[in-house]
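# Working through the structure, step by step
Spelled out, the chains give:
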Amino acid sequence: MKNGSFLFFPDKFILRVHSRICNSPEELINSEPFEAFYHAYLGSLKRGNSRLLGIFTDKECSQADIERLRETLLYLNSLPAEKVMKLVEGSDAFFRDRMLLNEFVEQFYNYWRRMHRLVICDAVFDRLDKRPYRTFNDLVESLMHLVRSTYRNIQENITGKHPKIYRQVSAGAEVGAIALPRDIPYPPGPYEALKDVFVISQVLLYPPMIFSTPMNKRTGVFTRAPRSPLEGLKLDPQNWLCYPARVGPLLMMIYFPLDFFELGFALSNLFELADAQDLRRKPDAVYIYGAPPETALTVEGSETVFYDDEENDMLVAAVPLRDQYAYFGYLKKMVLTLHNIIRMKDGYLPFHGAMVQITTRGRLPFSVLIIGDTGAGKSESIEALRMIAGVEVEDLLIIADDMGSLDIRADGRIIGYGTEVGAFVRLDDLQSGYALGQIDRTIIMNPDQVNARVVMPVTRYEYIMEGTPVDCVLYANNYEEVDEHRPVIERFASTEEALAVFRRGAVMSKGTTTTQGLVESYFANIFGPPQYRDLHEGLAERYFGAMFKAGLLVGQMRTMLGIKGREMSGPEQSARALLEMIKEYAGRAE
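All residue numbers refer to position in the chain's written sequence, counted from 1. In keeping with the model being predicted, local features are shown solely for residues with a pLDDT of at least 70 and side-chain atom pairs are shown and tallied solely at 80 or more, while totals for entire chains, interfaces and linings include all residues. To obtain the side-chain values, all non-hydrogen atoms of the structure were included, while hydrogens and water were left out.

## What to know about the layout of surface pockets
Here is the rule we go by: Detection works on a 1 Å grid of protein atoms alone, calling trapped sets that fit a 1.4 Å probe cavities and calling open sets with protein on both sides within 12 Å along at least five of seven lines pockets, with lining residues defined by an atom within 4 Å of a point. Grid points are joined across faces, edges and corners, and a volume is the space filled by probe spheres set on the points. Every helix listed is a DSSP run of H or I at least four residues long, and every strand listed is a run of E at least two residues long, numbered separately from the N terminus. Residue type decides the class: Asp, Glu, Lys and Arg count as charged, Ala, Val, Leu, Ile, Met, Phe, Trp, Tyr, Cys and Pro as nonpolar, and the leftover types, Gly among them, as polar.
Computed from the structure, the largest pocket encloses a volume of approximately 380 Å³. Around the largest pocket, the lining is made up of 19 residues, and of these E106, Y151, Q155, P163 and I165 lie nearest the centre. Only α5 (98-114) and α6 (132-159) provide two or more residues apiece to the lining of the largest pocket. Of the residues assigned to the lining of the largest pocket, the class counts are six nonpolar, five polar and eight charged.

## A short note on the packing of helix α9 (residues 378-388) against helix α14 (residues 569-585)
How we decide: For helices, the fitted line uses only the C-alpha atoms of the stretch in contact; every axis is such a line through C-alpha atoms, and the angle between N-to-C directions lies from 0 to 180 degrees. In this scheme, roughly parallel covers angles under 35 degrees and roughly antiparallel covers those over 145, while 65 to 115 is roughly perpendicular and the rest are oblique. The hand of a helix crossing depends on one turn: near helix anticlockwise from the far one by less than a right angle means left-handed, and clockwise means right-handed. The contact definition used throughout considers only heavy atoms, calling two residues in contact when any of these lie within 4.5 Å.
It is the contact of α9 with α14, at a shortest axis distance of 8 Å, that shows an interaxial angle of 70°. Accordingly, the angle class assigned to the pair α9 and α14 is roughly perpendicular. Where α9 crosses over α14, the two elements pack in a sense that is right-handed. Along the contact surface, α9 presents E380, S381, A384, L385 and I388, while α14 presents P571, E572, S574, A575, R576, L578 and L579. Residue classes in the contact of α9 with α14 are distributed as seven nonpolar, two polar and three charged.

## Looking at empty space enclosed by the protein
Under the definition given, this model contains five cavities of 30 Å³ or more. When its volume is computed, the largest cavity comes out at roughly 400 Å³. Taken together, 22 residues line the largest cavity, and the ones lying closest to its centre are L28, F34, F108, W112 and V147. Of all the elements in the fold, those that place two or more residues in the lining of the largest cavity are β2 (12-17), α1 (25-29), α2 (32-47), α5, β3 (116-121) and α6. For the lining of the largest cavity, the element with the highest residue contribution is α6, accounting for five residues. The class makeup of the residues in the lining of the largest cavity is 19 nonpolar, two polar and one charged. Taken as a whole, the second largest cavity encloses approximately 240 Å³ of empty space. Along the wall of the second largest cavity there are 21 residues; nearest its centre are T374, G375, D402, F424 and R453. For the lining of the second largest cavity, the secondary structure elements donating two or more residues are α8 (328-345), α9 and β19 (422-426).

Encoded structure:
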């Protein structure tokens, strides 16, 4: 591993390589990263006064003892304990209690696996290699097999026994990435601060990934700043990466520090990764997530800010590197805020909602857009529909999971577009069968806390960008009980009635943010429309008028997700009503 560098954090290990990783146990154990990790493990044992230090004759373990043990482990990879004791002078002391030595190795292995592990390759290997990405995949895979086989060899030579059960756990990197220098066509000026940061071109994940973050809720709004967060910004290219995201039709460059790499790479399950062709054009927006606090902007008490660079026709956002912002919601929602602002400027109406195209047996495809705030029951109702549909539903295609935009076609039809290829949803509100069925593809965050979340792929980029006609627009009402006067699905009679409900944007908070109780937000979407309210208001009146003119079913759906005791039955009841409505209104297939 002489051809790269590494970073060591309390809970993560990052290895940057240029072309190769060690390919033998001897090279592994003699490498600098192994040495750093070995000393960190011993340090943790000393801080806890661990009984495992009993393998040394003195728990203080001198430097000579530490080096002797490392040499012992090196030989144990290929030789039985009896021969190692003869080869390494003084090593017999480590074998006084072989069970204890074996446990020492076991916990060393676990210490490694508890870390979040990232391998970054910042070169494309041999330029004559026609399949560099496959070569990279093989490289990351080889690290996993090398670590696991070294661990097994050492344990077998200590105990003299072969395991009866082998568990093929992930023992290499959790995340691998190719990141290369790119000449992004940024405007001149403060954008120069970004030019040396490497841009991700491929990601390799080993899900399920499970990690905890210092924060598990998002608070506040994103505030418009009077100047660019890039002014005075200085980034160390060795400690930063850029994830170039396709957000709907837009290109956004999302920069994050390696301190937050697990959050940064979770974007892989949410937004399509841009390719080399995309990167030839000027980006639509830039987001610095985890900006150095010393250069952070504060506007009206908010540090989560964006700047409208009208001169260069770009948006620039920043959130500082603080534990209070170490939550995936700050990554996702700022990106979507930038999307919504740009789309409004281009004449589209953004929505905070889920859009699906559902094909029932014997009927034409029927597209439903469910608009509502976080925790209103949009995604939950769709997942419930997926579970109860059975043979009645031939196809369920997700166009937008959380955010998207509408357009009016020349013939008056309303067309919907999505933004994300993945979903960031509450684990508690997913149907358990579906969540477990998708666990091998998910990234799980804070599973032991309220608002535990998963990030998982749910659709394809081609589907969200196709432009799908909308047949029905519903507001997700999670706070009203269903009774004889308030049906599950209620149709609005006029544009004014619809605008009053959608504009109010009421929702019973589910604890996904720091708000509590029944709250209201403009069009259930604090991500762009309130910051550009005059622009949005004109668009909303025009689009809702077009919906009624086109004969769309516009109304509200009572999901009851915010009512105690109805968290599962509410979305299921709304899903059944939704299915019946689709069968009633969808045209018959010929």
